[in-house]
Number of protein chains: 2
Amino acid sequence: MDKFDLKLDQAARAAWLSYVGGRTQDEIASQLGVSRPGVQRLLALARQEGLVKVHIDHPLSNCMVMSDAITKAFGLEFCDVVPADAQAADSASHYLAVAGAERLSRYIDRNDPLTMSLGTGRSVRATVEALSRVERPQHRFVSLVGNMARDGSSNRFDGVMVLADKTGGDRFLLPAPVVAGSVDEKHALLSQRLIQAVADVAKQAEAGFIGIGRVDRHATLFQDHFISEAELEELLELEAVGELLGWPMNQAGELIDCSTSRRVTSLPLDMLKGQTLIGLAGGRDKGPAILASLRGGWLKGLVTDEHAARYIVETGIDGP
Amino acid sequence: MDKFDLKLDQAARAAWLSYVGGRTQDEIASQLGVSRPGVQRLLALARQEGLVKVHIDHPLSNCMVMSDAITKAFGLEFCDVVPADAQAADSASHYLAVAGAERLSRYIDRNDPLTMSLGTGRSVRATVEALSRVERPQHRFVSLVGNMARDGSSNRFDGVMVLADKTGGDRFLLPAPVVAGSVDEKHALLSQRLIQAVADVAKQAEAGFIGIGRVDRHATLFQDHFISEAELEELLELEAVGELLGWPMNQAGELIDCSTSRRVTSLPLDMLKGQTLIGLAGGRDKGPAILASLRGGWLKGLVTDEHAARYIVETGIDGP
DNA sequence: GGTCTGTCCGATCATTTGATCGATCGATGA
DNA sequence: TCATCGATCGATCAAATGATCGGACAGACC
């Protein structure tokens, strides 16, 4: 045992010289009188035994911890967690938008022609608005969700519109309401050549940025009158907690089949499993919805904030 | 400034991914959307700004033994001994600074308003520079030593300045030279309202971090022209071996009364006996000075290095 | 409006680090 | 005393890192 302690002592010394002193392993080797690989082993030992404690002294380090945990737990390609701003609740959505825009611009900046799909929602809208103007007429942007209200008016501020305006790219809108009036209407809509053409383009998209909706009294779907109060009640009855592109899902992320979901005109989520779907949502209230989306494995990337991330980590990843 | 903060944010992210997450710079680059050299620069920035804190969590048995011996022998509250580095004497002061900063941050991190006093010297300066930035505007930092040179210029990089900048706390500087030109000038200075006000704040400090100066040909006091060659000779004649805040003392730690010491404007050491004075100094050459300070009982804590510690243990504590 | 300067960015190369594998030394048992 | 097993050590190579350089962009000044 004494031998091991001696080694640990030397390991600690090597760690000091390396991490605090910034010496190279060669220098440490000559100082401690061992070979360079020997120093290597000492350092490995020091790390393994937990002698080396690294602390990043910045508020973001919290976010990084959670981001890492979420990425690993749900097999994402990335997860951006923006810091919560205690004194300015309204700016939280702005942070989200900036972070989202940064991800988005990674795709847009490319010169090769690109097809990108977009969902709807405040987050998506804010994200594209936060994007800076670049000339990319070769790109194509396509809606994954109908952008018409029930009264036939079309949302002028659809994400696709703004994005196409900013880049000069082509736009493909889905001229349909999010939720059709009846199953028959839905089938009628979906059989239209125009809509099928848009759907075809959407299938070719290599990535999609979509919002994540909660399903409760404050649901966007309900507040924006895409679904009626009775329909909301039915969804709640069936334990829906969130929705992606209008498709409701339960806590486990399983799609819910019901009278409402049968009338949703958006592209089926199954069809999009091949492409990189990126969720944008923040706020503790959205936590359950985001967690459901992650559990269902629908997303490849997530941009969220500290509040939601904390909910997800605490609720979704505590068990082993 | 906003731009700089954003950069720092990203630097923190990069540092986290690199040091905590163990990713390679390539992975970080693709994750943050910058080039690899970009990551490199971010990491350099993070280190430079002190975002990265490394702590080696192992008591080196050698250091530990001496630390214990010194703590007991001189009735200290603590004694930190950092490992020595054979080559590269310059980095030794960095080790000291890291250890000192760790002690210092124990005080600073507190939320209740705090008054701390600081001496001058390279060690103190390095220590505050190694401290990470924290927002603590409620704290007050006060000089124990005049921070003006004889030509009237004031050291912009006084420890108090840097510390106040880093925390946003209040600063109280002593607008006086360390050693006045004459006894009359000293009294004139000390009777100034302004200086008395600063002294009053200093008396309220609950802890002070001060350097320990040697008195010989390489004395800081002499090299920085705070005292003349003739004055140095006089001090050596009187067997001065060290000084605290400019107050010279002999081997036994007794203050020396002489033409020089009568002109020192710093706060009297007696007045500070109530507060926790913590000495920062390392290197075998500083051994005698440190030992004298300990023997005089002026210090409650010590941060030193292996060299000085060995000198102290061998010279000062050999008899039982 | 043009040019100039300073700053920032990314390609390239030298250095450092991490990992593998064969060799050597020591311990143990016949 | 010798053989064998095991552990540790150091040579070598691939990967990762740090540093330098040339070029491009933005802002300022003329």
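Residues numbered from 1 in each chain as written. Chains lettered and ligands numbered in written order. Predicted model: local features only at pLDDT ≥ 70, side-chain atom pairs only at ≥ 80, totals over all residues. Heavy atoms only, no water.

Our focus in this paragraph is the interface of chain A and chain B. Taken residue by residue, the interface counts 33 residues in chain A and 42 residues in chain B. Buried surface at the junction of chain A and chain B, summed over both partners, amounts to about 3200 Å²; 58% is from carbon and sulfur atoms. One can count 4 salt bridges joining chain A with chain B. A salt bridge links B:R23 to A:D68, with the shortest nitrogen-to-oxygen separation between them at 2.1 Å. Applying the counting criterion to the chain A and chain B interface returns 14 residue pairs in polar contact (both at pLDDT 80 or more). As paired elements, strand β1 (residues 52–56) of chain A and strand β1 (residues 52–56) of chain B share 5 bridges and run antiparallel to each other. (Contact = heavy atoms within 4.5 Å. Buried area = accessible area lost by both parts, 1.4 Å probe. Salt bridge = Lys/Arg side-chain N within 4 Å of Asp/Glu carboxyl O. Polar contact = N/O pair within 3.5 Å; in protein donor to acceptor, adjacent residues only side chain to side chain. Pairing = 2+ DSSP bridges. Helix = DSSP H or I, 4+ residues; strand = E, 2+ residues; numbered from the N terminus.)

A word on the domain arrangement of chain A. Segmentation of chain A into domains returns domain 1 (2–48) and domain 2 (60–316). Distance between the C-alpha centres of domain 1 of chain A and domain 2 of chain A: 51 Å. (Domains from an automatic or database assignment.)

As a further point, take the sheet that holds strand β5 (residues 170–172) of chain A. Residue and element names in this part refer to chain A. Taken in spatial order, the 7 strands make up an open sheet running β2-β11-β10-β6-β3-β4-β5, and their pairing is parallel. Edge strands, defined here as strands with exactly one partner in the open sheet, are β2 (78–82) and β5. Neighbour-to-neighbour, the strand axes of this sheet turn through a mean angle of 15°, independent of strand direction. Sheet topology places strand β4 (residues 140–143) next to β5; 3 bridges connect them, and they run parallel. Among the inter-strand pairings, V142 is bridged to a residue of β5, identified as F172. Running at roughly 115° to strand β11 (residues 301–305), helix α13 (residues 306–316) makes contact with β2 and β11 of the sheet. (Axes fitted to C-alpha atoms, helices over the stretch in contact; angles between N-to-C directions.)

This brings us to the protein's contact with DNA strand C. Inspection of the region around DNA strand C gives A:T24, A:Q25, A:R36, A:Q40, A:R47, B:K7, B:S35, B:P37 and B:R41 as its neighbouring residues. Taken together, the sugar and phosphate atoms account for 45% of what DNA strand C places within 4 Å of the protein. A:Q25 is positioned with one of its side-chain polar atoms (N or O) 2.5 Å from a phosphate oxygen of DNA strand C. Between a base nitrogen of DNA strand C and a side-chain N or O atom of A:Q40, the distance comes to 2.8 Å. Every element with two or more residues in the surface near DNA strand C is listed here: α3 (36–48) of chain A together with α3 (36–48) of chain B. It is α3(A) that contributes the most residues to the surface near DNA strand C, 3 residues altogether. Per-class residue counts for the surface near DNA strand C are 1 nonpolar, 4 polar and 4 charged. (Near = heavy atom within 4 Å. Nonpolar A, V, L, I, M, F, W, Y, C, P; charged D, E, K, R; others polar.)

Let's shift gears to unusual backbone geometry. The residue A:E239 is not glycine, and still its phi comes out positive at about 65°. Structurally, A:E239 can be placed in the loop between α11 (229–237) and β8 (240–244).

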